[in-house]
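Survey of secondary and tertiary structure
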Amino acid sequence: MAIEFNNEYISIVMEANLSAPEEIKQFIEDSEEACNIRMPLVVLDMKNVKEINSAGIAKMLKLYKSLQSLKVKLFMTNVDEAISPTLKSLMIFSLIKYFENPKDFTL
């Protein structure tokens, strides 16, 4: 995973799935770093995530809650069609605004 800096927001670019303990551990570390940066917006770029389990979803929700307490907005982009139905059924997109195309992301 990597954190990319843009003018008005940061992106957490996931480089692996969120289903194995080491992948989730890396996501937690990047999430904590994103919270410490204190930019007004954070974007989760999910382009490389093809698998997610309940622990991965729990960590995404924890990031959402942590950022919300800091008054930082969280967005999501590039969700793979393999995990999109799971996120929709859990109503994740009602909490974390989703953009199908990153070009649609406007502040």
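Residues numbered from 1 in each chain as written. Predicted model: local features only at pLDDT ≥ 70, side-chain atom pairs only at ≥ 80, totals over all residues. Heavy atoms only, no water.

1. Structural notes on the environment of methionine 60
Counted only if it meets this: Helix and strand assignments come from DSSP, with helices taken as H or I runs of at least 4 residues and strands as E runs of at least 2, each series counted from the N terminus. Note on contacts: a residue pair qualifies if any of its non-hydrogen atoms lie within 4.5 Å across the two residues.
Position of methionine 60 relative to the elements: it lies in helix H2 (residues 54-69). Spatially, the C-alpha atom of methionine 60 lies 14 Å from that of serine 84, the residues being 24 residues apart in sequence. Non-local contacts of methionine 60, meaning those with residues more than four positions away in its chain, are made with Leu18, Phe27, Leu44, Met46, Ile52, Met76, Leu87, Ile92 and Ile96.

2. Structural notes on the environment of asparagine 36
We count it as follows: Buried means the residue's accessible area, taken with a 1.4 Å probe over protein chains only, is under 20% of the maximum for its type, while exposed means over 50%, and partly exposed covers the values in between.
Note on placement: asparagine 36 falls in helix H1 (residues 21-37). Asparagine 36 gets classed as exposed once you look at its relative accessible area, which sits at 66%. Residues asparagine 36 and leucine 67, 31 residues apart in the sequence, show an inter-C-alpha distance of 9.7 Å.

3. Section: the sheet that holds strand E1 (residues 2-5)
Definition in use: We call two strands paired when DSSP finds no fewer than two bridges between them. Between N-to-C directions, angles span 0 to 180 degrees; the directions come from axes that are lines fitted to C-alpha atoms, helices contributing only their stretch in contact.
On the basis of which strands lie adjacent, the open sheet formed by five strands has the order E1-E2-E3-E4-E5 and mixed pairing. Among the strands making up the open sheet, the edge pair consists of E1 and strand E5 (97-99). Within the sheet, the average angular offset between the axes of one strand and its neighbour, ignoring direction, is 25°. Across three bridges, strand E4 (residues 73-77) lies against E5 in parallel orientation. When the sheet's bridge partners are listed, methionine 76 is paired in E5 with tyrosine 98. H1 rests against E1, strand E2 (10-13) and strand E3 (41-45) of the sheet, and its axis sits at about 25° to E1. In the packing of H2 onto the sheet, the strands contacted are E2, E3 and E4, and the crossing angle to E4 comes to about 145°.

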